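Working through the structure, step by step
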Amino acid sequence: MTDAAELRRRTAELLAAHPPATTERLEFLRARFDAGLAWVHFPEGLGGLDAPRSLQAVVDAELAAGGAPGNDPGRIGIGLGMAAPTILRFGTDEQKQRLLRPLWTGEEVWCQLFSEPGAGSDLAALATRAVRQGGGDWIVDGQKVWTSSAHLARWAILIARTDPGLPKHRGISYFVCDMTDPGVEVRPLRQITGEAEFNEVFLTGVRIPDTQRLGEVGEGWKVAQTTLMNERVAIGGARIPREGGMIGVAAADWRARPELRTHDLHQRLLKLWVEAEVARLTGERLRQQLTKGQPGPEGSGMKLAFARLAQEISGWEVEFLAEDGLTYDDWTLRRPEGVDFTGREAGYRYLRAKGNSIEGGTSEVLLNIVAERVLGLPPEPRTDKDVAWKDLPR
């Protein structure tokens, strides 16, 4: 049984064999993965040691104290938070061995090809088609939208319809798509921030070997649920210190600008501070629950809280800063590698937070999930549940 003392010993050995000050960053990250210290709860040989998930904090603290480089999780968050747990659960041994190491080290960036122009909140209505060629490769045609990091990605997790004669949730399969295939076209989507953090992706005759399928044919919705549950935890359940994240920026503004303070703004800031702390502690409890299994629908509640707080805090900050809150550094079209909610100006945070209630599942859909799967309320009537996808009105 791997305990904290054993992990500290292994971490010390890693730092001694690969001193961060003299070891190239990628070499160190590869060595960390091979030592089982990437994500300690993963199996041995896949970056882990079959240790309790809660002990990852022990490793992270020791490595931070030793000056070890990180793997830039903001840049590779889709791979870490969504692709990796799905591959671990449904991938073959060959898929795990090939994909997980460069995913964790950041050598290969991942994106998520789920949403479509006509299938966003109702994701199971997707129309991207995958047709099998004589029992071998699959040919994929369709369009995906709101794809973060597609302009950086080497791989994508993709769901496509493989049997239109079945009801919409049952005729879907799940694939790993090579983003370098000549049939993949990535186009930027300019947002309200002026940036093109998202993309639309056109798939034309993309050939995917059957060896790049995750799960059984027609069971893609089941596989996708693992991805979506982990996505919501990744978005809404990130570990931050007390008064960290956006509430920390707002509190710092309050302390730095006493001439702008009013009683009303003070009361609203106190309320937001308390709510942010409640959300932080709830997220910590959720992470402790994750040590005992896969994420459940509670992650949807965390993502809901994250979206609401981000929008309310950024709105408070813009109001507090008055004309300074309206400044914006650059409207030039850029294609960033990640989202920075704390390192940019208030105007950016205010605009970017508007997307938090859409991305990773709309707040309306997540409220339904919490109502049905957490509170046990009766589900909404679904007249299309048993109708073949090809017969649905469009």
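Below, the structure is looked at part by part. Quantities reported herein were computed from a predicted structural model and do not represent experimental measurements.

**Observations concerning the overall build of the protein**
Scanning the protein from N- to C-terminus turns up eleven helices and eight strands. The C-alpha atoms of the protein give a radius of gyration of 22 Å, which matches the 21 Å a tight globule of 394 residues would have. Across its three principal axes, the protein shows a C-alpha extent of roughly 70 × 55 × 45 Å. Burial statistics for the protein: of 394 residues in total, 50% are counted as buried. Contacts in the protein between residues at least 24 apart in sequence constitute 70% of all its contacts with a sequence separation of at least 6. For the protein, the accessible area works out to roughly 18,500 Å², and carbon and sulfur atoms hold 54% of it.

**Considering the pairing of strand β5 (residues 172–178)**
Regular strands place side chains that alternate from one sheet face to the opposite one. Counted residue by residue, β5 has six buried out of seven residues, so it is predominantly covered. Strand direction decides the pairing type here: strand β4 (residues 155–161) and β5, joined by seven bridges, are antiparallel. By the bridge assignment for β5, Ile159 is matched with Tyr174. Judged from the two bridges that link them, β5 and strand β8 (residues 213–214) form a sheet pairing that is antiparallel. Note that in β8 the partner of Tyr174 across the bridge is Leu214.

**Looking at a nonpolar patch on the surface**
On the surface, Val374, Leu375 and Leu377 cluster together into a nonpolar patch covering about 280 Å² of accessible area. Tracing the backbone shows Val374 in helix α11 (residues 363–374).

**Some details on the packing of aromatic side chains**
Going through the model one piece at a time under the given rule, you end up with twelve aromatic pairs. Aromatic pair Phe33 and Trp104: ring centres 6.4 Å apart, planes at 45°, arrangement tilted. Here Phe33 is found in helix α2 (residues 25–34), whereas its partner Trp104 is found in helix α5 (residues 93–105), with 71 residues between them in sequence. This pair shows no difference in class: Phe33 is buried, exactly as Trp104 is. Joined through ring pairs, the aromatic side chains of Phe33, Trp39, Phe42 and Trp104 make up one cluster. The positively charged end of Arg187 is found above the aromatic ring belonging to Phe202, 4.0 Å away from the centroid.

**What to know about helix α7 (residues 245–256)**
Relative to the 16 Å expected for twelve residues at 1.5 Å per residue, α7 spans 17 Å between its end C-alpha atoms, a close match to the ideal helical length. Those residues of α7 lying buried are Met246, Ile247, Gly248, Val249, Ala250, Ala251, Asp253 and Trp254.

**Details of the pattern of salt bridges**
Counted by the stated rule, this structure contains 35 salt bridges. When the shortest N-O distance is used, the salt bridge between Arg132 and Asp210 registers 2.9 Å. One end of the pair, Arg132, is in strand β2 (residues 129–132); the other, Asp210, is in the loop between β7 (198–208) and β8, and 78 residues separate them in sequence. Between Asp264 and Arg268 there is a salt bridge, with the nearest N and O atoms lying 3.4 Å from each other.

**Focus on unusual backbone geometry**
With a phi angle near 60°, Trp146 is a residue other than glycine that sits in the positive phi range. Inspection of the secondary structure puts Trp146 in the loop between β3 (138–144) and β4. Given the relative accessible area of 53%, Trp146 is considered exposed. You will see that Ser149, though not glycine, has its phi angle at about 65°, which is positive. Checked against the element boundaries, Ser149 lands in the loop between β3 and β4. Residue classification places Ser149 among the buried positions, given a relative accessible area of 11%.

**Some words on the packing of helix α4 (residues 77–90) against α5**
The description of two helices packed together rests on the angle between their axes and the distance between the axes. It is at 10 Å that the axes of α4 and α5 come closest, and there the two elements cross at 165°. Judged by the inter-axis angle, α4 sits roughly antiparallel to α5. As for the relative orientation of α4 and α5, their crossing is left-handed in sense. Side by side, α4 and α5 meet where Gly79, Leu80, Ala83, Ala84, Ile87, Leu88 and Phe90 of the first sit next to Gln95, Lys96, Leu99, Leu100, Leu103 and Trp104 of the second. Partitioning the contact of α4 with α5 into residue classes produces ten nonpolar, two polar and one charged.

**Quick notes on the pairing of β7**
Burial runs high along β7: eight of the eleven residues are buried. The pairing of β3 with β7 spans six bridges and is antiparallel. Counterpart to Gly142 in the pairing with β7 is Leu203. Relative to β7, strand β6 (residues 184–189) runs antiparallel, the two being bridged by six bridges. When the sheet's bridge partners are listed, Arg187 is paired in β7 with Glu200.

**A closer look at the nonpolar core**
Within soluble globular proteins, side chains that are nonpolar generally end up buried alongside one another. Ranked by internal contacts, the top residues of the largest apolar core, which has 32 residues, are Trp39, Ile87, Leu100, Trp110, Phe114, Ile159 and Tyr174. Of all elements in the fold, only α2, α4, α5, β4, β5 and α6 (220–236) reach the threshold of two or more residues within this core. In terms of residue count, the dominant contributor to this core is α4 (six residues). The residues touching Trp110, leaving out its near neighbours within four places in the chain, are Ile78, Gly79, Ala83, Ile87, Leu99, Leu103, Ser149, Ala153, Trp155, Ala156, Ile157 and Val176.

**Topic: helix α3 (residues 56–65)**
All buried positions along α3 are accounted for by Gln56, Val58, Val59 and Leu63. The arc that holds every buried residue of α3, seen down its axis, measures 160°, which confines them to one face. Every exposed residue of α3 that faces more than 90 degrees away from the buried side is listed here: Ala64 and Ala65. Looking at the packing, one finds that the buried side of α3 touches α1 (4–17) and α2. Just beyond α3, the residue with positive phi is Gly67, at close to 75°.

Rules used throughout
Residues numbered from 1 in each chain as written. Predicted model: local features only at pLDDT ≥ 70, side-chain atom pairs only at ≥ 80, totals over all residues. Heavy atoms only, no water. Helix = DSSP H or I, 4+ residues; strand = E, 2+ residues; numbered from the N terminus. Rg over C-alpha atoms; globule rule 2.2 N^0.38 Å. Buried < 20%, exposed > 50% of the residue type's maximum accessible area, 1.4 Å probe, protein only. Contact = heavy atoms within 4.5 Å. Areas by Shrake-Rupley, 256 points an atom, 1.4 Å probe, with all protein chains shown as cover. Pairing = 2+ DSSP bridges. Patch = residues over 30% accessible without salt bridge, like charges linked within 9 Å, V, L, I, M, F, W, Y side chains within 5 Å. Salt bridge = Lys/Arg side-chain N within 4 Å of Asp/Glu carboxyl O. Phe/Tyr/Trp six-rings, centres within 6.5 Å; stacked < 30°, edge-to-face > 60°. Lys NZ or Arg CZ within 6 Å of the ring centre and 35° of its normal. Expected span 1.5 Å × (residues − 1). Axes fitted to C-alpha atoms, helices over the stretch in contact; angles between N-to-C directions. Parallel < 35°, antiparallel > 145°, perpendicular 65-115°, else oblique. Left-handed = near helix turned anticlockwise from the far one by under 90°. Nonpolar A, V, L, I, M, F, W, Y, C, P; charged D, E, K, R; others polar. Core = buried A, V, L, I, M, F, W, Y, C linked by side-chain atoms within 4.5 Å. Arc of directions from axis to C-beta.

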